[in-house]
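# Reading the structure
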Amino acid sequence: MTEHSRRRFIIQSAALAAAASNISFAQTQKKLGVALVGLGSLSEKQIAPALLKTRNCRLAGIVTGTPSKAAEWQKKYNLPANAIYNYDNMHTMSKNKDIDIVYVVTPNALHLRDAKVAAEAGKHVFCEKPLEINTERAQQIVDICKKAGVQLGVGYRLQFEPNNLECVRLAREKVLGDVRIIDANFGFAIGDPTQWRLKHDLAGGGALMDVGIYCLQTARMITGEDPIWISAAEVKTDSVKFKEVDETITWIMKFPSGVTANCTSTYGANGFQGFRVGTTRGWFGLDPAYYYNGNRGRRSDGPVATELDDFAECVINKRQTKVSGEMGVADVKFLMAVYESIKKGRPVTFG
Ligand code: NAD
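Just so you know, these numbers come straight off a predicted model, no measurement behind them.

The rules we used
Residues numbered from 1 in each chain as written. Predicted model: local features only at pLDDT ≥ 70, side-chain atom pairs only at ≥ 80, totals over all residues. Domains from an automatic or database assignment. Nonpolar A, V, L, I, M, F, W, Y, C, P; charged D, E, K, R; others polar. Near = placed C-beta within 6 Å. Helix = DSSP H or I, 4+ residues; strand = E, 2+ residues; numbered from the N terminus. Pairing = 2+ DSSP bridges. Core = buried A, V, L, I, M, F, W, Y, C linked by C-beta atoms within 7 Å. Buried ≥ 20, exposed ≤ 12 C-beta atoms within 10 Å, placed from the backbone. Contact = placed C-beta atoms within 7 Å. Axes fitted to C-alpha atoms, helices over the stretch in contact; angles between N-to-C directions. Parallel < 35°, antiparallel > 145°, perpendicular 65-115°, else oblique.

## Some words on the domain arrangement of the protein
Looking at the assigned domains, one finds that the protein contains domain 1 (31–155), domain 2 (160–304) and domain 3 (320–351). Distance from the C-alpha centre of domain 1 to the C-alpha centre of domain 2: 27 Å. Looking at the side of domain 1 that touches domain 2, its residues break down into four nonpolar, three polar and one charged.

## Regarding the site of the ligand
Around the ligand sit 19 residues, and of these Gly-38, Gly-40, Ser-41, Leu-42 and Glu-128 come closest. No other element matches the three residues that helix α2 (residues 41–51) contributes to the shell around the ligand. Here the shell around the ligand gathers at least three residues from each of two domains, domain 1 (31–155) and domain 2 (160–304).

## Quick word on the sheet that holds strand β7 (residues 152–154)
Here we have six strands laid out as an open sheet, ordered β4-β3-β2-β5-β6-β7, and parallel in their pairing. In this open sheet, the two strands that pair with only one neighbour each are β4 (84–85) and β7. Pairing of strand β6 (residues 124–127) with β7, which is carried by three bridges, proceeds in the parallel orientation. What sits directly across from Cys-127, in β7, is Val-154.

## Focus on the nonpolar core
Ranked by size, the top nonpolar core spans 39 residues in total, and within it Ile-182, Ala-219 and Val-277 carry the most contacts. Elements that contribute at least two residues to this core include exactly α6 (162–172), β8 (179–187), α8 (207–223), β10 (248–254), β11 (260–266), β12 (273–279) and β13 (282–286). For this core, the leading source of residues is α8, giving nine residues. The residues contacting Ala-219, other than those within four sequence positions of it, are Ile-182, Ala-184, Met-253, Ala-261 and Cys-263. Leu-36, Ile-101, Ala-138 and Cys-145 belong to the second-largest nonpolar core, a separate cluster that totals 36 residues.

## As for the packing of helix α4 (residues 111–120) against helix α5 (residues 135–148)
Two numbers describe how α4 lies on α5: the axes approach to 9 Å, and their chain directions differ by 5°. Of the possible angle classes, the one that applies to α4 and α5 is roughly parallel. Of the residues in α5, those in contact with His-111, Leu-112, Ala-115, Lys-116, Ala-119 and Glu-120 of α4 are Arg-137, Gln-140, Ile-141, Ile-144, Cys-145 and Ala-148. Grouping the constituent residues of the contact of α4 with α5 by class yields seven nonpolar, two polar and three charged.

Printed below as a string of structure tokens:
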């Protein structure tokens, strides 16, 4: 395949995104109130702005241990005084009918603590990734929410990102043949050596827990399977900075269908934020794949091959092509109207 024949796909259609998210939207229903727990970077830069765009929910409360942030957010988002909580009185939100969902956005090892308080206050829980720092604690969140009769969701945003979903479709529909190999990498050169992401007690691990989880999600989304074995190796270039957590880990996963996934997570280098999927008749991938916006994809076939395959299928299955002769006639008609409008110096109307 030449570079020319490779096509880029960037799908930003709001309609597609909405369809992909499986939201059943009732115009008449009241928006659900969401309380954010932990007003750090993700809450401030992504979640709060996103809540201003949501159709089904709205910011209805905050939980923070920092009084200055409470005042700032209260003003910025016009929150009533009874919507402001700290970690000690958060359980009293059981009395706040305005809050339906609690979104846990604290460091990984605090997810259990915060999800428990929320669930026991009768609130549905949406929790950031990773769900917790080990399997037992993650399972405890599931059990607590079940026992409380509340729903639990995890902030796997790529499951709602159109470019990633398009790759899942390419894999599932075998558009370029069977998936054989996945290569997924995510990492960045981490700064501040004092941050919680480098503390085992709060993060549970390093780059693997923080960003490697995206590569794992890619492999599980693309295959639709769970791995049957995993083999891993770790490298540290800075044993002081990364004393408590992993810096770089490379791991291989094998899936029941025979797919192998090679993944790398790192806190030691920039430039890795994408994946490529090798198939029996080509390849496809995204780079970047894991950003909030601007993810971009390429695939080995092009629109010419795709349109010819589609037309052949139309002939075989006696199906009408979507690029019909009627479409061709209409386009010529409208182009002629452009000339006519210029010639006559006035708009040309139809119908
Ligand atoms: P952050 O450090 O910017 O914010 C963490 C917040 O938790 C801060 O407001 C901090 O004050 C608060 N906090 C409460 N108790 C704390 C304690 N004992 N120690 C430290 N902080 C404490 O972190 P972040 O980047 O917003 O990440 C928060 C969570 O969101 C993490 O679980 C992370 O994995 C997840 N995250 C997800 C994405 C995504 O794209 N889905 C992106 C970034 C972070």
